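Okay, here's what each chain looks like letter by letter:
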Amino acid sequence: MNIYDIVFYLFAAITLASAFVVVTARNIIYSAFSLLFTFFGIAGLYVLLGADFIAVVQLMVYVGGILVLILFGVMLTNKITSVQIKTGTLQVIPAILGTALMAGVLIKIFTGTNWHSQMAQYPTKTTAYALGHILLTDYVLIFELLGILLLIALIGAATIARKEEKAS
Amino acid sequence: MIEQYIPIFLVIGVSVVFSMAVIASSKLFGPQRPDSEKLSTYESGMKPVGGVRERISIKYYLVAMLFIVFDIEVIFVYPWGVEFKKLLGEQGISALVPMIIFLVVLELGYLYVYKKGGLKWD
């Protein structure tokens, strides 16, 4: 067991433990804050896989952005003081079917992956160069489509936010 | 290799240990003489009014969405920026075109939000 394994198990433990809290916490705000540690643990796993740029993106977008959005979502809906927003056990059979399907896919991937390939080809310099290069040469169409996707998100957010104002 | 990340682990470790030590030591060694005035909610010296579960305006959500969209924009500008010199050598000035299109598309969204009055704080 080398340092790589120890760090991996540390981040895997952080991710799994906090993900467990996300789904079992009775109060939605605890779930939201626990999600922070899940995102952080996943960023650590990306680093171990040699995807340093993705790890930084994970921290910037998920920890810095998506989580703020989720907390805003909680604050926007947490008005109802008489009814506590809590997680409960509903829809047992569809849940079992869904998780069984997901588990099947994950086990298939888990058994079919060569897990010892990443150590040998661990990059010595940042992957941002290679990413920047293929993003503007081979995948330039996807890059522009992504801009349009972000534009749609922006227009959608603006439309929803203004509708609320007219109603009030 | 993984050794490059040792400084980051050190920073994370020091910040976690330091923040926990500060909170724990103030709990352990600080004098604690609570009374009802001290335990009441602090609101800039005023008597607290209203509940904390006030409904928050959806305008904040728009601000958060704007933040995420431009956060993602910055993330895509960054790999382009570090690779730009090489791309300029390969393709000449046309290396600028995809990024300009990308930025213009996003600025259209910004203009839309601006014209809709999404940035007004009324």
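Caption draft 1: Spatial organisation of the overall build of chain A. A count of helical and extended segments in chain A gives six helices and zero strands. Taken from the N to the C terminus, the helices and strands of chain A come in the order α-α-α-α-α-α. Here chain A holds 168 residues, and 31% of them are scored as buried. Across chain A, the fraction of contacts at a sequence separation of at least 24, relative to all contacts at a separation of at least 6, is 62%. For chain A, the computed accessible surface area is about 10,900 Å², with 75% contributed by carbon and sulfur atoms.

Caption draft 2: Expanded view of the packing of helix α5 (residues 128-136) of chain A against helix α3 (residues 59-91) of chain B. Put simply, α5 of chain A and α3 of chain B touch, their axes get as near as 7 Å, and they point 70° apart. Taken together, α5 of chain A and α3 of chain B sit at an angle that is classed as roughly perpendicular. Pair α5 of chain A / α3 of chain B crosses with right-handed handedness. Mapping the contact onto sequence places Ala-128, Tyr-129, Leu-131, Gly-132, His-133, Leu-135 and Leu-136 of chain A in α5 of chain A and Phe-76, Tyr-78, Pro-79, Trp-80, Val-82, Glu-83, Lys-86, Leu-87, Glu-90 and Gln-91 of chain B in α3 of chain B. When the residues that make up the contact of α5 of chain A with α3 of chain B are grouped by side-chain class, the tally is eleven nonpolar, three polar and three charged.

Caption draft 3: A look at the nonpolar core. One finds Phe-143 of chain A together with Phe-76 and Phe-102 of chain B to be the most contacted residues of the largest nonpolar core, which totals 30 residues. Among the elements of the structure, α3 (52-77), α5 and α6 (140-167) of chain A together with α3 and α4 (97-115) of chain B are those that each provide at least two residues to this core. Counting residues per element, this core draws most heavily on α3 of chain B, which supplies eleven residues. Two domains each put at least three residues into this core: domain 1 (1-110) and domain 2 (126-162) of chain A. Contact partners of Phe-76 of chain B, with chain neighbours within four places excluded, come to Leu-135, Phe-143 and Leu-146 of chain A together with Met-99 and Phe-102 of chain B.

Caption draft 4: Inspection of the packing of α3 of chain A against α3 of chain B at higher detail. At their nearest, the axes of α3 of chain A and α3 of chain B sit 9 Å apart, and the two run at 175° to each other. Comparing the axis directions of α3 of chain A and α3 of chain B gives the class roughly antiparallel. Of the residues in α3 of chain B, those in contact with Phe-53, Val-57, Met-60, Val-61, Gly-64, Gly-65, Ile-66, Leu-69, Phe-72, Gly-73 and Leu-76 of chain A of α3 of chain A are Tyr-60, Tyr-61, Ala-64, Met-65, Phe-67, Ile-68, Asp-71, Ile-72, Ile-75, Tyr-78 and Pro-79 of chain B. For the contact of α3 of chain A with α3 of chain B, the class distribution of residues is 18 nonpolar, three polar and one charged.

Caption draft 5: The interface of chain B and chain A, seen in detail. Across the boundary between the two partners, chain B contributes 50 residues, which contact 51 residues of chain A. Across the chain B to chain A interface the summed buried area is about 4,800 Å²; carbon plus sulfur atoms make up 78%. Summed over the shared surface of chain B and chain A, the result is zero salt bridges. Where chain B meets chain A, there are two residue pairs in polar contact (both at pLDDT 80 or more). Every element with two or more residues in the side of chain B that touches chain A is listed here: α1 (6-29), α3 and α4 of chain B. Sorting elements by how many residues they give to the side of chain B that touches chain A places α3 of chain B first, with 24 residues. Looking at the side of chain B that touches chain A residue by residue, the classes come out as 35 nonpolar, six polar and nine charged.

Caption draft 6: Here's a closer look at the pattern of salt bridges. Residues and elements named next belong to chain B. Applying the stated criterion across every chain, the model contains one salt bridge over all chains. Where Glu-83 meets Lys-86, a salt bridge forms, and the shortest distance between an N and an O atom there is 3.6 Å. With Glu-83 and Lys-86 both in helix α3 and three residues apart, this pair spans about one turn of that helix. Take Glu-83: its relative accessible area is 3%, and that puts it in the buried class.

Caption draft 7: Broad picture of the packing of aromatic side chains. Under the definition given, this model contains eleven aromatic pairs over all chains. Considering the side-chain rings of Phe-53 of chain A and Tyr-78 of chain B, the 5.9 Å spacing of their centres and the 5° angle between planes classify their relative orientation as stacked. Linking Phe-53 of chain A in helix α3 with Tyr-78 of chain B in helix α3, this pair reaches from one chain into another. By relative accessible area, Phe-53 of chain A is classed as buried at 10%.

Caption draft 8: Region of the structure containing the domain arrangement of chain A. In terms of domain boundaries, chain A breaks down into domain 1 (1-110) and domain 2 (126-162). For domain 1 of chain A versus domain 2 of chain A, the separation of C-alpha centres amounts to 24 Å.

Caption draft 9: View of the environment of Gly-132 of chain A. By the secondary structure assignment, Gly-132 of chain A is in helix α5. Classification of Gly-132 of chain A by relative accessible area gives buried; the value is 0%. Expressed as a C-alpha distance, the spacing of Gly-132 of chain A and Asp-52 of chain A, which sit 80 residues apart in the sequence, is 14 Å. Apart from residues lying up to four places away in sequence, Gly-132 of chain A is in contact with Pro-79, Trp-80, Glu-83 and Leu-87 of chain B.

Calculation criteria
Residues numbered from 1 in each chain as written. Chains lettered and ligands numbered in written order. Predicted model: local features only at pLDDT ≥ 70, side-chain atom pairs only at ≥ 80, totals over all residues. Heavy atoms only, no water. Helix = DSSP H or I, 4+ residues; strand = E, 2+ residues; numbered from the N terminus. Buried < 20%, exposed > 50% of the residue type's maximum accessible area, 1.4 Å probe, protein only. Contact = heavy atoms within 4.5 Å. Areas by Shrake-Rupley, 256 points an atom, 1.4 Å probe, with all protein chains shown as cover. Axes fitted to C-alpha atoms, helices over the stretch in contact; angles between N-to-C directions. Parallel < 35°, antiparallel > 145°, perpendicular 65-115°, else oblique. Left-handed = near helix turned anticlockwise from the far one by under 90°. Nonpolar A, V, L, I, M, F, W, Y, C, P; charged D, E, K, R; others polar. Core = buried A, V, L, I, M, F, W, Y, C linked by side-chain atoms within 4.5 Å. Domains from an automatic or database assignment. Buried area = accessible area lost by both parts, 1.4 Å probe. Salt bridge = Lys/Arg side-chain N within 4 Å of Asp/Glu carboxyl O. Polar contact = N/O pair within 3.5 Å; in protein donor to acceptor, adjacent residues only side chain to side chain. Phe/Tyr/Trp six-rings, centres within 6.5 Å; stacked < 30°, edge-to-face > 60°.

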